[in-house]
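Given next are the chains, with one letter for each unit.
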Amino acid sequence: MSKAAATQGLPGAFEDEAHLEEVMTRPSAALVGDLAALDGDILVLGVGGKMGPTLARMAKRAAPHKRVIGVARFSEPGLKARLEAQGIECLEADLLSAQALDALPEVPNVVFMAGRKFGSQGSEWLTWAMNAHVPALVAQRFARSRLVVFSTACVYPFVPVDGPGAREDAALTPPGEYANSCVARERMFEHFSHVHGTPGVRLRLSYAIDMRYGVLHDLAAHIVAGEAVPLTMGHANLIWQGDANERALRSLLACEAPSRPLNLSGPKVSIAWKRFWTGRPPGRNAGAARWASPRTSRCEMDTIEAATDPVVARIPAAVREALRRGAVIPAHPLALDAQRRLDERRQRALTRYYMDAGAGGLAVGVHTTQFAIREHGLYAPVLKLAMDTARSWEPLGGPRPLVMIAGLAGGTEQARREAATARELGYHAGLLSLAALRGCGVDEILAHCEAVAREIALVGFYLQPAVGGIELPAGFWEAFARLPQVVAIKIAPFHRYHTLEVLRGVAAARAEKRIALYTGNDDHIVLDLLTPFDVPREDGMVRLRFAGGLLGHWSVWTRRAVELLARCHAAAERDAVDADLLALDARVTDCNAAFFDVANGFAGCIAGCHEVLRRQGLLEGTWCLDPTEGLSPGQAQEIDRVYRGHPDLNDDDFVREHRLRWLGA
């Protein structure tokens, strides 16, 4: 067995076709986890093609309790019986028939694999019907499902062989009727995704192979026959069919509306120099067609690619998707009693409040939790209490993915220790404060980030300089965004120019689809969530948006924050913002000015949030670990003012209804 094959869990050779299919359809732990997090059954349209049977079987093996339904005309003798023997339900249907499509069951997850491939000369009319008309029918029939659509890299135009290759945003102007019909297929699904809001992914598959077909099979045939290997095509992009099927199934969790393209292939391989085979059969000069390692490539997809990093792969797929989609993530305060000791009962009540309010995550051990917990030996106990509470509490509306983020502070060794502690407690990512590195150069700060990222996935943090943050240029954020362990960035400089520098860095790193942007700009929360930010790049304008917020401000009136984010998301999807929603920016900022004590340089920002929670009965007092820290003169009156001026923004009624339950054992 080759070393490469052994390290990837593949045999050095396959005994027979049954052995090949068993290995090819064996699901990874990551796929099992992703499909467990996916709601509903799976429908495979066009299951009778080259990849369909193994994709359906892999799905069934990964999720044995889900229905996997394969649809095809089943013209291949015995295929239907084989699939049914493997637990796959088979339905015969002609996808060109709208009536046949209507008769299919309503399924929330659809993989579309149908289409007419190469070799369609003389019946171009059928090629266009299968590649353009059928997609239009399917997109309308399954408008309420997630749609993963198999497309092809042939939609890209020809480009110079000595250039960088076609870009994902290149105009789709390929030569030939087949390739243009494939563009039509994509456009049909894209159109109806816009019309119906159907979430989807269009997989531009370059070239999947197994032992029975494809570039390497053809080369092997020449080698075994002792023939010269043709080099008219000097290079090829290859991906093992098992990998391609797995990434296709996992991309069901990457669907979004409107649908988007994802490239699915492997690295460029030289036909002339790549050693695909080893050994020589007796009496022959040609190398035997025996695989050294068929898995020669990985999936190059933006959202799914992040999960290939072992640090990021520890985050459950549903949690990654919740973070990417955007959530309300309150910065968790610290509940203390009059002796400034941890009040575990009220600390648990706060966690329960945020979960019932609809928060999509919690940030614990951050500035709002008070950095001084580290000096008082409370870092691990406070993180553990929040995690234990989150795991044991079933929120209103039922369980849902909750993004758990731990604050990380101090120099490199301290931050790494905290990251390891957070990881062991089950936290998904660390919000990395860089305040301790003030005075260090950019390279030193990046080395610090890289060291901590070996322990846990990172949420970057541009902290406002007024409370200890460091001014960092766009070049730093570009380099930071290139770290594969970065899953999000909280942008909180309270400064428009600095905010744009982060966005420029993320765009320059081409990380806009991999890294979720979260606002921490308390002076413009609503505006950040509503604004489409267009950032110029050498290949054109890139549009970025904030997905959600990770905010100390959202530690209070959290129920209203959840409603606000939902309104902002809906407005962004409609690409229309009404004046009342836009006017909320100034109103929310007015409230924040009182809570965060802007009049006194943010001196009472933590105590101000405590005061709101005290008034609601969730905290007993406004005590902080530092006895000198509390409400500033006049701050309580400012909080009175915003309570009177913006009564619709508080959630006092919600808290009053559930407070005793949260404070219970």
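Above this text you will find the structure in question.
Residues numbered from 1 in each chain as written. Predicted model: local features only at pLDDT ≥ 70, side-chain atom pairs only at ≥ 80, totals over all residues. Heavy atoms only, no water.

Quick word on helix α16 (residues 412-425)
The criterion, for reference: The numbering of helices and of strands both runs from the N terminus, where a helix is a DSSP run of H or I of at least 4 residues and a strand a run of E of at least 2. Helices are assigned an expected span. That span is 1.5 Å times one less than the residue count. Only protein chains enter the calculation, and the probe is 1.4 Å; a residue is then buried if its accessible area is under 20% of its type maximum, exposed if over 50%, and partly exposed in between. We call two residues in contact when some of their heavy atoms are within 4.5 Å.
Between the first and last C-alpha of α16 there are 20 Å, a value that for 14 residues agrees with the 20 Å anticipated at 1.5 Å per step. Within α16, the full set of buried residues consists of Ala415, Glu418, Ala419, Ala420, Ala422 and Leu425. Check the buried side of α16 and you find it contacts α15 (379-392), β14 (403-408), β15 (429-432) and α17 (442-453).

Points about α17
Taking 1.5 Å of rise per residue, twelve residues should cover 16 Å, and α17 covers 16 Å from first to last C-alpha, within 8% of that figure. Three or more residues of α17 are buried, namely Ile445, Leu446, His448, Cys449, Ala451, Val452 and Ala453.

Description of the packing of helix α14 (residues 344-357) against helix α21 (residues 558-574)
Selection criterion: Think of each axis as a best-fit line through the C-alpha atoms, taken over the contacting stretch in the case of a helix, with angles from 0 to 180 degrees between the N-to-C directions. Relative orientations are named as follows: roughly parallel for angles under 35 degrees, roughly antiparallel for angles over 145 degrees, roughly perpendicular for angles from 65 to 115 degrees, and oblique for any other angle. For any helix crossing, the convention is left-handed if the near helix is rotated counterclockwise from the far helix by under a right angle, and right-handed if that rotation is clockwise. Residues are grouped as follows: nonpolar covers Ala, Val, Leu, Ile, Met, Phe, Trp, Tyr, Cys and Pro; charged covers Asp, Glu, Lys and Arg; every other residue, Gly included, is treated as polar.
Contact geometry for α14 and α21: axes closest at 8 Å, N-to-C directions at 30°. Relative to α21, the element α14 lies roughly parallel. The two elements α14 and α21 cross, and the hand of that crossing is right-handed. Along the contact surface, α14 presents Tyr353, Tyr354, Asp356 and Ala357, while α21 presents Thr558, Arg559 and Val562. Across the contact of α14 with α21, the residue classes tally to four nonpolar, one polar and two charged.

Things to note about unusual backbone geometry
The step from Ala257 to Pro258 runs through a cis peptide bond, and the omega angle for that step is -5°. Along the chain, Pro258 falls in the loop between α10 (241-250) and β10 (260-264). Although it is not a glycine, Phe74 adopts a positive phi angle of roughly 55°. With respect to the helices, strands and loops of the structure, Phe74 is situated in the loop between β2 (68-72) and α5 (79-85). Under the relative-accessibility criterion, Phe74 is labelled buried at 13%. Phi at Arg340 takes a positive value of approximately 60°, unusual for a residue other than glycine. Summarising the element assignment, Arg340 is placed in the loop between β12 (328-330) and α14. Judged by its relative accessible area of 28%, Arg340 falls in the partly exposed class.

Brief notes about the pairing of strand β5 (residues 146-152)
The condition is simple: Strand pairing is defined by DSSP finding a minimum of two bridges between the two strands.
Burial analysis of β5 places six of its seven residues in the buried class, which makes it a mostly covered element. Here four bridges tie strand β4 (residues 109-112) to β5, and the two strands are oriented parallel to one another. Within β5, the position partnered with Val111 by the bridge is Val148. Here six bridges tie β5 to strand β6 (residues 200-205), and the two strands are oriented parallel to one another. Pairing of Thr152 across the sheet is with Leu205, part of β6.

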